[in-house]
Amino acid sequence: MEYISTRGSASALDFEGVTLAGLASDGGLYLPAEWPRFSEAQIADMVGLPYAELATRVMWPFVEGSLTEEELRSLCQQAYGRFAHKAVTPLVQLDERQWLLELFHGPTLAFKDVALQLLGLLFETFLSRRQSNLTIIGATSGDTGSAAIDAVAGREGVDIFMLHPKGRVSDVQRRQMTTARAPNVHNIAIEGSFDDAQAMVKRMFGDADMTGRFNIGAVNSINWARLMAQVVYYFASALQLGALHRPVAYSVPTGNFGDVFAGYVAAQMGLPIAQLVVATNVNDILHRALSDGDYSTGTVTPTDTPSMDIQVSSNFERLLFDCGGRDGAAMAEQIRSFEADKAMQLTNSQREGASALFTSVRADQQQVLQALRWAHENAGEVIDPHTAVGLHAALASELDPSIPMVTLATAHPAKFPDVVERATGLRPNLPSRVGDLFAREEAYSELPGKYDAVRDFVTQHASPAA
Ligand SMILES: Cc1ncc(COP(=O)(O)O)c(C=O)c1O
Ligand SMILES: N[C@@H](CCOP(=O)(O)O)C(=O)O
């Protein structure tokens, strides 16, 4: 499989190349040169497979040429063997139409584990093959950071520098990152928002001095391998709901547009998806873009769903590129004008392309609390507030009610106990697999929200390119 950049001027790479590169050298994001498509017979053959085997079948077209099928199978067995539920991503029924897809049974209790457990193993495989090393620079609003650190802590040849916005992640999220005591893990709390942290990460990929001295890599969903692994649970859930004979719809709590873009990829590969509902909190740039074509940033408002307090949504560029005719030069120009004006209008073809599959709903703080209560009172389920954003949108959907609606349950409720307790009166307990999180000592550095400060910190602590 060959991968191309959304901005058209970086060289095409194979799967191993894009996994280690993270962001393309022209600032764009990598996508497969064309979407692989399964026949109905191939999809029918996937029904009932154990998760690791299904993952091997779904991801094989993307990795062919960089791994053997047996190598991929072995990595999937290792990655998904660490999950606390045999089904890895089980479905739970809420009522006749509504379902939850529980994505939080991995080691750090959020959907990020599904991709990052695999990505840690992919890094190890490719780096040992090349006898090389990687300096990972990441930005997190809480969940990517803990999942990435769990996936790479103590691994040979990898240093990880994870930026989180100071005071804007939950205590559980922060502790999951800052109590991981491995010499290759560097946590940095920066002044500012997740968007500020993400902008610094992207800037480092374009800093020739840094890329000349270090092999910079990514664990955020700018890295194609992240999205690829997330495609699998759309197949797993849709097939369980009889997708070969009827379509399925998804409501996806959205921030960086990675998780919902994975649903779009599943649809391109032949999975019958009727609709993807982009569910946002009040930081609603994606809702405005999909409903009015207006992609303009404002100030980030801190909410009860901190992991989705994002305005500049990385993976939206992948959708705009794909729906807008895959014109890299035009995409580069559109992003240049967005960066200058902090605003852009979607083109007609981008709007029409997106509206074929996507719709969007925005949830305010009260609606999030109501959805949390609805799940508890009507289905006996305690859900996390991000999932509640998705559930609010799912309940608001006007789609044909005979189509099953699956809300992605993106985090365990115990990651956000205060909000859950406020809504339901119940304080969820942390599962035993996270151990003595509140007894462990924390370690992290604090830096101003300035690129130079972060760059100097990385320069002092990272291993030079090998
Ligand atoms: C719990 C949770 N839900 C939803 C999201 C949004 O996912 P995405 O950024 O892939 O849209 C995130 C973070 O990204 C998250 O941590
Ligand atoms: N909500 C995310 C933000 C980063 O998103 P990513 O999917 O691009 O890594 C987080 O938890 O950090």
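What counts and how
Residues numbered from 1 in each chain as written. Chains lettered and ligands numbered in written order. Predicted model: local features only at pLDDT ≥ 70, side-chain atom pairs only at ≥ 80, totals over all residues. Heavy atoms only, no water. Helix = DSSP H or I, 4+ residues; strand = E, 2+ residues; numbered from the N terminus. Rg over C-alpha atoms; globule rule 2.2 N^0.38 Å. Buried < 20%, exposed > 50% of the residue type's maximum accessible area, 1.4 Å probe, protein only. Areas by Shrake-Rupley, 256 points an atom, 1.4 Å probe, with all protein chains shown as cover. Lys, Arg positive; Asp, Glu negative; His and termini not counted. Charge placed at Lys NZ, Arg CZ, Asp CG, Glu CD. Pairing = 2+ DSSP bridges. Axes fitted to C-alpha atoms, helices over the stretch in contact; angles between N-to-C directions. Contact = heavy atoms within 4.5 Å. Core = buried A, V, L, I, M, F, W, Y, C linked by side-chain atoms within 4.5 Å. UniProt positions renumbered as here; feature names shortened; annotations may be inferred. Near = heavy atom within 4 Å. Polar contact = N/O pair within 3.5 Å; in protein donor to acceptor, adjacent residues only side chain to side chain. Nonpolar A, V, L, I, M, F, W, Y, C, P; charged D, E, K, R; others polar. Phe/Tyr/Trp six-rings, centres within 6.5 Å; stacked < 30°, edge-to-face > 60°.

Caption draft 1: How the structure looks around the overall build of the protein. A count of helices and strands for the protein gives 19 helices and 15 strands. Taking 23 Å as the expected radius of gyration for a compact globule of 466 residues, we find that the protein reaches 20 Å, a close match to that expectation. Structurally, the protein occupies a C-alpha span of about 55 × 50 × 50 Å along its principal axes. Within the protein, buried positions represent 62% of all 466 residues. With an accessible surface of roughly 16800 Å², the protein has 46% of that area assigned to carbon and sulfur atoms. Both charge centroids of the protein, one from 36 positive and one from 54 negative side chains, sit 3 Å from each other.

Caption draft 2: A look at the sheet that holds strand 14 (residues 405-409). Read from one edge to the other, the open sheet built from six strands follows the order 3-4-14-9-10-13, with strand pairing classed as mixed. At either end of the open sheet lies a strand with only one pairing partner, and these are strand 3 (91-93) and strand 13 (358-362). This sheet shows a mean twist of 25 degrees between the axes of neighbouring strands, independent of strand direction. Bridging between strand 4 (residues 98-102) and strand 14 involves five bridges; their strand directions are parallel. Considered in strand 14, the bridge of tryptophan 99 is made with valine 406. Each of strand 4, strand 9 (248-253), strand 10 (273-280), strand 13 and strand 14 is contacted by helix 17 (residues 385-396), which is oriented at about 165 degrees to strand 14, the strand it contacts most.

Caption draft 3: Representation of the nonpolar core within the structure. Judged by nonpolar contacts, the single largest core of 109 residues is most densely connected at Tyr80, Trp224, Tyr234, Phe235 and Phe358. Among the elements that make up this core, the one with the highest residue count is helix 10 (residues 224-240) (13 residues). Setting aside residues up to four positions removed in sequence, tryptophan 224 forms contacts with Tyr3, Phe15, Val18, Tyr30, Leu31, Pro32, Trp35, Phe62, Val265 and Arg318.

Caption draft 4: Molecular detail of the UniProt feature "modified residue: N6-(pyridoxal phosphate)lysine" (unreviewed entry) in the protein. With numbering matched to this structure, UniProt assigns "modified residue: N6-(pyridoxal phosphate)lysine" (unreviewed entry) to Lys112. Excluding its chain neighbours within four sequence positions, the residues that come into contact with lysine 112 are Asp143, Thr144, Ala147 and Arg226.

Caption draft 5: A look at the site of ligand 1. Looking at ligand 1, there are 15 residues lining it, with Lys112, Asp143, Gly255, Asn256 and Thr410 nearest. At a separation of 2.8 Å, an oxygen atom of ligand 1 approaches a polar backbone atom of glycine 255. Bound to the protein, ligand 1 loses 97% of the 380 Å² it would expose on its own. Looking at the shell around ligand 1 residue by residue, the classes come out as five nonpolar, seven polar and three charged.

Caption draft 6: Geometry of the packing of aromatic side chains. Taken as a whole and judged by the stated rule, the model has 19 aromatic pairs. Where phenylalanine 38 meets phenylalanine 235, the ring centres are 5.9 Å apart and the plane angle is 90 degrees; that geometry is what we call edge-to-face. Taken together, the residues span a long stretch of sequence, with phenylalanine 38 in the loop between strand 2 (30-32) and helix 2 (40-44) and phenylalanine 235 in helix 10 at a distance of 197 residues. A single burial state applies to phenylalanine 38 and to phenylalanine 235, both of which are buried. Ring centres 5.1 Å apart and planes at 80 degrees place the aromatic pair phenylalanine 257 and phenylalanine 316 in the edge-to-face group. One end of the pair, phenylalanine 257, is in the loop between strand 9 and helix 11 (258-268); the other, phenylalanine 316, is in helix 13 (residues 316-323), with 59 residues separating them in the sequence. Taking relative accessible area as the criterion, phenylalanine 257 reaches 1% and is therefore assigned buried. On the basis of relative accessibility, which here comes to 1%, the residue phenylalanine 316 falls in the buried class.

Caption draft 7: Structural context of the pairing of strand 14. Across the five residues of strand 14, five count as buried, placing the element largely inside the fold. Burial along strand 14 is two-sided: the residues Met405, Thr407 and Ala409 and Val406 and Leu408 are all buried. Bridging between strand 9 and strand 14 involves three bridges; their strand directions are parallel. Bridge pairing in strand 14 places serine 251 opposite threonine 407.

Caption draft 8: View of the environment of tyrosine 451. Turning to its location among the elements, tyrosine 451 is positioned in helix 19 (residues 451-461). A relative accessible area of 6% places tyrosine 451 in the buried class. When the C-alpha atoms of tyrosine 451 and alanine 110 are compared, they prove to be 29 Å apart, with 341 residues separating the residues in sequence. In this view, tyrosine 451 contacts Met200, Arg203, Met204, Asp207 and Met210; residues no more than four positions away in its chain are not counted.

Caption draft 9: Quick look at the site of ligand 2. In the neighbourhood of ligand 2, 13 residues make up the surrounding shell, with Thr140, Asp143, Thr144, Asn220 and Ser221 lying closest. At 2.8 Å, a side-chain N or O of lysine 112 approaches an oxygen atom of ligand 2. Between an oxygen atom of ligand 2 and a side-chain N or O atom of threonine 140, the distance comes to 2.6 Å. Expressed as a share of its isolated accessible area of 340 Å², the protein-covered part of ligand 2 is 95%. Considering only residue class, the shell around ligand 2 consists of two nonpolar, eight polar and three charged.

Caption draft 10: Summary view of the sheet that holds strand 6 (residues 158-165). Read from one edge of the open sheet, five strands run 8-5-6-7-15, paired in parallel fashion. The strands lining the two open edges of the sheet, one partner per strand, are strand 8 (216-217) and strand 15 (445-447). Taken together, the three bridges between strand 7 (residues 185-190) and strand 15 define a ladder with parallel strand orientation. Bridge pairing in strand 15 links alanine 189 to glutamate 446.

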